[in-house]
Amino acid sequence: MTDWRKIAYNALVSRALDDVEEETNRNRNSVPREHLVLYQFSARGHDVAQSILGSFINGPHDAAGAYYRSRPLLLAVGLSIEDALASPLGRTGGFSDGRDIGVVCNLPGVSAPTVLPMSGDVGSQYTPAAGWAQSIIYHRDTLKDATHKGAMAVALGGDASVATSGFWSALTMATTLKLPMLFYIEDNGLGISVKGDMQTPGSDIAKNLASFGNLFLRNGDGTNPAESEKLLGEVVKHVRSGAGPALIRLTVPRLSSHSGPDNQKGYRTDAEIAADAARDPLPKLRAHLVPGIISEKDWKALEGEVARDVGVALQGARARPAPTAEKIKRFVYAESPEAGDTTAMGGLSAKEIAALGGTETATEEGEMLRFADAVRRALRTELERNPKVVVFGEDVGVKGGVHLVTEGLQKKFGRERVFDTSLSEEGIIGRAVGMAIGGLMPVTEIQFRKYADPATEQLNNCGTMRWRTANRFAAPIVVRMPGGFGKDVGDPWHSLSAEVIFAHAIGWQVAMPSNSADAVGLLRAAMRSSNPSIFFEHRSLLMTSDGSARYPGDDFIVPFGKAKTLREGNEITVVTWGAMVHRCVPAAEQFGDKVELIDLRTIAPWDRNAVLESVMKTGRVLIVHEDTLTAGFGAEIAATIARETFWSLDAPVDRLAVEDVPMPYHENLLSAVLPNVTTIVERIDALLSV
Ligand SMILES: Cc1ncc(C[n+]2csc(CCOP(=O)(O)OP(=O)(O)O)c2C)c(N)n1
């Protein structure tokens, strides 16, 4: 039974919040700045249909991927009015503790629907919602948790968002995998100023998708409460039945400007604005309900209730203290429970991680394994002992990956746990984010480093999630990523290194193992971490036996941020990582006990202490890496060394890296740009003679 009173209350609250904010902002010259909402996005016109949608999102495992105009939906699924007002004011508590703009919301659901952490990027809400939908199926069918039966994910988006790659990526996933996912398109005919016919031909995405396979479609008037309720009932029933995804397009008016600073000048005529005003769904809702469903008197009472509740909440919101700076660095990464970390929603629980155990001591006499075999073995043992691990990427399933690292794993663990994906890196990472928030441990494969580029938005948003939500959400995923030069071959696409991008991306851990044993330990550490991790698999190590080492055991862990000193020396420190280790070792050997060689193993975090202590002892340092020189990670290390060990230095801090050109194809060109034993020796020699 539809609770129309609740729907009306919700729509009236949303309207009242927009009124309060807009009124305050209009008087900006006489109102103190701390009462202004700097990012005001009105939901006016979208509010009634969203409130009806909200009445259908009620399961404990339902989730919504939403956007900046979704406040009515949030209110409907449990956001308090005070939080709704306090967050846009930047006050403490709420979605982000004053860290993020108030229209970028989130809502962790404890036995209640979840609103996944939103982002400022239009279209980025779709693929995480698809990931949540896939995690529902995993919980239900693979982990045999019957409470997930009938659960669904909904993604809300405007008409312009249907032009984004995120929309199409999620649509492909949902329809090919028949996910329990609803696409809710609220079509107001405008992006900011651009009309809908620029986003999809004829301005009607539902019509254009009529022949799309596995997609149940409905298209209607979002200002008509009865029609909206009927159509929403149909799509929700379809999705909850397990029959696959649905898309509903509801037309709604945009009754305000796009956002506070926009005055609509030049792109919207007065007649168009008036025509939209005449479609206001709120009077239509009243007409639909009064007097048949709600009496005149009751409607009045409802308005009184809303005015009272919003008034009280506004007082509460304005009375909340502004955030103070002392906590600003917290929650970039997970904190230990001892530091007062209340576990965010997403990833494995502290108890689950503790139960998995782990040791930093390698077993003795393990068999020699090549790099790819070691990674496969680590994946296999973790898949065996942790039912929440899922491994996926392009060609990862049947083929076992183009580098054959996952060969045989699908056969052993089944298609639910090790699977191929559609060709969309944004889809792979966004889906992993949704799955991690849903409690799983996704281990993704990006086929080659360069092909992580399309996923940049999802990677960045994943990294900042814990901080942005003030520790309410986190998505600890693992991204395996082969890259770097191959055996006697390179090129600008398959041989990119560019690891510095991920060290610069906030919130990520970055592993750059140089050998099989470290690979096993670091991958295992990543799969038990509460932070997202990039795991770099160097192509030359995958293609040769350069990185072969003894298998260190099924419980072996290498903590992030712990370098390994491969060779002790007194006159110069050489710092390197990844495949360059194998060129620095023979170079260092030529200098007896003069060279101290450090394999960093991880660049985020990196072992500052190990490097600084060594340089203070030797007084000279050479950093060798494969990534290009300008703003490569060596620059960060060099700056730190210069700052911290200035008075201990006997020579300039030096770097040897690929000069700033893309990786070339022909062997002659490749060997000309890569540091090699000869060039490393020359550079060490030169520094020793300073
Ligand atoms: C990836 C990205 N590009 C551009 C923007 C700037 N921007 C914010 S909202 C918007 C229009 C979106 O319109 P629509 O999806 O129809 O939603 P509506 O605002 O109409 O509800 C644009 C271009 C953004 N936030 N993200």
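All values reported here derive from a predicted model rather than from experimental measurement. (Residues numbered from 1 in each chain as written. Predicted model: local features only at pLDDT ≥ 70, side-chain atom pairs only at ≥ 80, totals over all residues. Heavy atoms only, no water.)

Some points on the overall build of the protein
In step 1: In terms of helices and strands, the protein carries 24 helices and 20 strands.
In step 2: The dimensions of the protein, computed from C-alpha atoms along their principal axes, are 95 × 60 × 50 Å.
In step 3: Intrachain contacts of the protein at a sequence separation of at least 6 include 79% that bridge at least 24 residues.
In step 4: Working note: accessible area of the protein is about 26900 Å², and carbon and sulfur atoms make up 54% of it.
In step 5: Taking the average location of the 72 positive side-chain charges in the protein and that of its 84 negative ones, the two points are 5 Å from each other. (Helix = DSSP H or I, 4+ residues; strand = E, 2+ residues; numbered from the N terminus. Contact = heavy atoms within 4.5 Å. Areas by Shrake-Rupley, 256 points an atom, 1.4 Å probe, with all protein chains shown as cover. Lys, Arg positive; Asp, Glu negative; His and termini not counted. Charge placed at Lys NZ, Arg CZ, Asp CG, Glu CD.)

Some points on unusual backbone geometry
In step 1: Of the consecutive residues Val 290 and Pro 291, the connecting peptide bond is found in the cis state with omega at 5°.
In step 2: Phi at Gln 264 takes a positive value of approximately 65°, unusual for a residue other than glycine.
In step 3: Within the secondary structure layout, Gln 264 lies in the loop between β6 (246–251) and α9 (270–277).

Some words on the site of the ligand
In step 1: Around the ligand, the surrounding shell holds 16 residues, and the nearest of these are Tyr 67, Tyr 68, Arg 69, Gly 120 and Ala 160.
In step 2: Contacts to the ligand include Arg 69, whose side-chain N or O atom sits 2.8 Å from an oxygen atom.
In step 3: Asp 159 places a polar main-chain atom, nitrogen or oxygen, 3.2 Å from an oxygen atom of the ligand.
In step 4: A total of 590 Å² of accessible area belongs to the ligand in isolation, and the protein chains cover 71% of it.
In step 5: Tallied by class, residues from the shell around the ligand come to six nonpolar, seven polar and three charged. (Near = heavy atom within 4 Å. Polar contact = N/O pair within 3.5 Å; in protein donor to acceptor, adjacent residues only side chain to side chain. Nonpolar A, V, L, I, M, F, W, Y, C, P; charged D, E, K, R; others polar.)

Structural notes on the sheet that holds strand β13 (residues 533–538)
In step 1: Taken together, the seven strands give an open sheet; going across it, the order is β9-β8-β10-β11-β13-β12-β18, and neighbouring strands pair in mixed fashion. Where the open sheet ends on each side, the last strands, each with one partner, are β9 (418–420) and β18 (602–604). Strand-to-strand twist across the sheet, computed as the mean angle between neighbouring axes with direction ignored, equals 20°. (Pairing = 2+ DSSP bridges. Axes fitted to C-alpha atoms, helices over the stretch in contact; angles between N-to-C directions.)

Remarks on the pattern of salt bridges
In step 1: What the rule picks out here adds up to 43 salt bridges.
In step 2: A salt bridge links Arg 5 to Glu 305; the shortest N-O distance between them is 3.1 Å. Here the residue Arg 5 occupies a position in helix α1 (residues 4–26), and Glu 305 occupies one in helix α11 (residues 296–319), the gap between them amounting to 300 residues.
In step 3: For the salt bridge of Glu 234 with Arg 218, the shortest nitrogen-to-oxygen distance reads 2.5 Å. Taken together, the residues Glu 234 in helix α8 (residues 225–240) and Arg 218 in strand β5 (residues 216–221) connect sequence positions 16 residues apart.
In step 4: Judged by its relative accessible area of 25%, Glu 234 falls in the partly exposed class. (Salt bridge = Lys/Arg side-chain N within 4 Å of Asp/Glu carboxyl O. Buried < 20%, exposed > 50% of the residue type's maximum accessible area, 1.4 Å probe, protein only.)

Examining the side chain of Arg 480
In step 1: Among the structural elements, Arg 480 can be located in strand β11 (residues 478–483).
In step 2: Owing to a relative accessible area of 0%, Arg 480 belongs among the buried residues under this scheme.
In step 3: Residues within four places of Arg 480 in sequence aside, it is in contact with Val 375, Leu 379, Val 405, Thr 406, Val 443, Thr 444, Glu 445, Ile 446, Leu 523, Phe 535 and Glu 537.

Focus on the sheet that holds strand β1 (residues 63–65)
In step 1: Spatial strand order, β2-β1-β3-β4-β6-β5: six strands in an open sheet with parallel pairing. Every other strand in the sheet has two partners, leaving β2 (114–115) and β5 as the edge strands with one partner each.
In step 2: Bridge count for β1 against β2 is two bridges, and the pairing is parallel. Paired with Ala 63 across the strands is Thr 114, a residue of β2.
In step 3: Running over the sheet, helix α6 (residues 165–176) touches β4 (181–187) and β6 and is turned about 145° from β4.

Here we look at the nonpolar core
In step 1: Counting 76 residues, the largest nonpolar core has Phe 167, Met 181, Leu 600 and Ile 637 as its most contacted members.
In step 2: Not counting chain neighbours up to four residues away, the residues in contact with Leu 600 comprise Lys 562, Ala 563, Val 575, Thr 576, Trp 577, Trp 606, Asp 607, Val 611 and Ile 637.
In step 3: In terms of nonpolar packing, the next biggest core, distinct from the first, is built from 63 residues, Ala 49, Val 104, Leu 231 and Ala 317 among them. (Core = buried A, V, L, I, M, F, W, Y, C linked by side-chain atoms within 4.5 Å.)

Some details on the domain arrangement of the protein
In step 1: Each domain of the protein was delimited in the assignment, giving domain 1 (4–323), domain 2 (350–550) and domain 3 (564–688).
In step 2: Measuring from the centre of the C-alpha atoms in domain 2 to the corresponding centre in domain 3 gives 26 Å.
In step 3: Between domain 2 and domain 3, the contact holds 28 residues from the first and 25 residues from the second.
In step 4: Summed over both sides, the interface of domain 2 with domain 3 buries roughly 2100 Å², with 61% coming from carbon and sulfur.
In step 5: Counting across the domain 2 and domain 3 interface gives one salt bridge.
In step 6: Counting across the domain 2 and domain 3 interface gives 14 residue pairs in polar contact (both at pLDDT 80 or more).
In step 7: Considering each element in turn, the side of domain 2 that touches domain 3 owes the most residues, three residues, to strand β12 (residues 509–511).
In step 8: Of the residues in the side of domain 2 that touches domain 3, the class split is 13 nonpolar, 10 polar and five charged. (Domains from an automatic or database assignment. Buried area = accessible area lost by both parts, 1.4 Å probe.)

Overview of helix α21 (residues 608–618)
Every α-helical turn comprises 3.6 residues, leaving residues that sit three or four positions apart pointing alike.
In step 1: The set of residues buried in α21 consists of Val 611, Leu 612, Ser 614, Val 615 and Thr 618. Looking straight down α21, one finds its buried side chains confined to an arc of 165°; they lie on one side. Set apart from the buried face of α21 by more than 90 degrees, the exposed residues are Asn 609 and Glu 613.
In step 2: Buried positions along α21 lie against β16 (572–576), β17 (595–599), β19 (621–628) and α22 (633–645).
In step 3: Directly beyond the C-terminal end of α21, a positive phi value near 80° is found at Gly 619. (Arc of directions from axis to C-beta.)

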